[in-house]
Amino acid sequence: IVHVQRTDAEGNAHIWGIIGEQKEAAFASRRVILTAEEIVDEAVIRSDPNRTLIPGFIVDAVCLVPYASHPSYTQGYYDRDNAFYLEWDEISKSREGVQAYLDEWVYGVEDRAAYWKKLGPETQARLSVSNRPSEVVNYGNY
């Protein structure tokens, strides 16, 4: 499972920021499931071929799952939830703490949208990012 900023319906995916080994992990896997902040028209993906790090021919499934990286971040969509990581230090000190967390925040929500809603508007606002688009790149006709 690889989370990406955006993909088309065929699984051609754009990733930017600190990408780690997501591309290599996808190519090394028998099956690849993409979760994405957005599913966009293929023209958007084709407009920036250098950002297409995962090609659709290795992808088995595409799922629209906004905020799927929380408590981590997805560059350009939301910030890292540092407060959560500090709280996790306490939560994870005991098996009971982890189980209580899982019961409330994993098993206790219907889906990722319910999870994000449960975080509440204050947390959502704190994690919002401002707009800072990159400059347009002229790829020319090739």
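My aim in this report is to walk through the structure given alongside it, one point at a time. For every chain, the first residue of its written sequence is number 1, and the numbers climb from 1 along that sequence. Reporting of local features is limited, given that this is a predicted model, to residues whose pLDDT is at least 70; pairs of side-chain atoms are given and counted only at 80 or more, and all residues count toward the totals for whole chains, interfaces and linings. Where side-chain values are given, they derive from all heavy atoms of the structure, hydrogens and water being excluded.

## Focus: the overall build of the protein
Line of reasoning, step 1. Tallying secondary structure elements over the protein gives five helices and five strands in all.
Line of reasoning, step 2. Reading the protein from its N end, one meets helices and strands in the order β-β-α-β-α-β-β-α-α-α.
Line of reasoning, step 3. Each principal axis of the C-alpha atoms in the protein carries an extent, and together these give about 60 × 35 × 25 Å.
Line of reasoning, step 4. Type-normalised accessible area, obtained with a 1.4 Å probe on protein chains alone, sets the label of each residue: buried when under 20%, exposed when over 50%, and partly exposed for intermediate values. Counting all 142 residues of the protein, 30% fall into the buried class.
Line of reasoning, step 5. Pairs at least 24 apart in sequence give 73% of the contacts found in the protein among residues at least 6 apart.
Line of reasoning, step 6. Per-residue and other accessible areas were derived by the Shrake-Rupley procedure at a 1.4 Å probe size, with only the shown protein chains allowed to occlude residues. Put simply, the protein shows about 9700 Å² of open surface, and 50% of that area lies on carbon and sulfur atoms.
Line of reasoning, step 7. His residues and chain termini do not enter the charge count, which takes Lys and Arg as positive and Asp and Glu as negative. To locate a charge, take atom NZ for lysine, CZ for arginine, CG for aspartate or CD for glutamate. Positive and negative side-chain charges of the protein, numbering 14 and 22 respectively, have mean locations separated by a distance of 3 Å. Each helix is a run of DSSP H or I of at least 4 residues and each strand a run of E of at least 2, with the numbering of both proceeding from the N terminus. Any two residues having at least one pair of non-hydrogen atoms within 4.5 Å are treated as being in contact.

## Quick notes on the pattern of salt bridges
Line of reasoning, step 1. Only one rule defines a salt bridge in this text: a Lys or Arg side-chain nitrogen within 4 Å of an Asp or Glu carboxyl oxygen. Under the counting rule described, the total for this entry stands at five salt bridges.
Line of reasoning, step 2. Across the pair Arg46 and Glu42 runs a salt bridge, and its minimum N-O distance is 3.4 Å. A residue pair is termed a helical-turn pair when its members lie 3 or 4 positions apart in one helix, as Arg46 and Glu42 do in helix α2 (residues 42-46) at four residues.
Line of reasoning, step 3. A relative accessible area of 62% places Arg46 in the exposed class.

## Points about unusual backbone geometry
Line of reasoning, step 1. Residue His70 is joined to Pro71 through a cis peptide bond whose omega torsion reads 20°.
Line of reasoning, step 2. Examined against the element boundaries, Pro71 turns out to sit in the loop between β5 (61-64) and α3 (82-91).
Line of reasoning, step 3. A positive phi angle, close to 70°, is found at Tyr67, a residue other than glycine.
Line of reasoning, step 4. For Tyr67, the location among the structural elements is in the loop between β5 and α3.

## Examining the packing of α3 against helix α4 (residues 95-105)
Line of reasoning, step 1. Following both chains from N to C, one finds α3 and α4 inclined at 130°, their axes separated by 8 Å at the closest point. Considering their axes alone, α3 and α4 lie oblique with respect to each other. Listed contacts from α4 to Phe84, Trp88 and Ile91 of α3 are Gly97, Val98 and Tyr101.
Line of reasoning, step 2. Its residues assigned to classes, the contact of α3 with α4 comprises five nonpolar, one polar and no charged. Interaxial angles span 0 to 180 degrees and are taken between N-to-C directions of axes, which are lines fitted to C-alpha atoms, for helices over the stretch in contact. Note that the term roughly parallel is reserved for angles under 35 degrees, roughly antiparallel for angles over 145, roughly perpendicular for angles of 65 to 115, and oblique for everything else. Only Asp, Glu, Lys and Arg are considered charged, only Ala, Val, Leu, Ile, Met, Phe, Trp, Tyr, Cys and Pro nonpolar, and every remaining residue, Gly among them, polar.

## Some thoughts on the side chain of Asp81
Line of reasoning, step 1. Topologically, Asp81 is positioned in the loop between β5 and α3.
Line of reasoning, step 2. Among the polar contacts listed, one links the side chain of Asp81 to the side chain of Arg126, at a separation of 2.9 Å.
Line of reasoning, step 3. Sequence-distant contacts of Asp81, defined by excluding residues within four places in its chain, comprise His70, Pro71, Thr123, Arg126 and Leu127. Any N or O atom pair separated by 3.5 Å or less is treated as a polar contact, with the protein-specific requirement of one donor-capable and one acceptor-capable atom, and with residues adjacent in sequence counted only for side-chain atom pairs.

## Quick notes on the sheet that holds strand β4 (residues 52-54)
Pairing between sheet strands relies on hydrogen bonds along the backbone, with the strands arranged either parallel or antiparallel.
Line of reasoning, step 1. Pairing is mixed in the open sheet, where five strands are placed in the order β4-β2-β1-β3-β5. Of all the strands in the sheet, just β4 and β5 have a single pairing partner and so form its edges.
Line of reasoning, step 2. Sheet topology note: the strand β2 (residues 13-14)/β4 ladder contains two bridges and is antiparallel. Residue pairing across strands places His14 opposite Thr52, the latter belonging to β4. By the convention used here, strands pair only if DSSP detects at least 2 bridges between them.

## Here we look at the side chain of Gln5
Line of reasoning, step 1. Of note, Gln5 is situated in strand β1 (residues 2-7).
Line of reasoning, step 2. Setting aside its immediate chain neighbours within four residues, Gln5 contacts His14, Ile15, Trp16, Ala36, Glu37, Glu38, Thr74, Gln75 and Tyr77.

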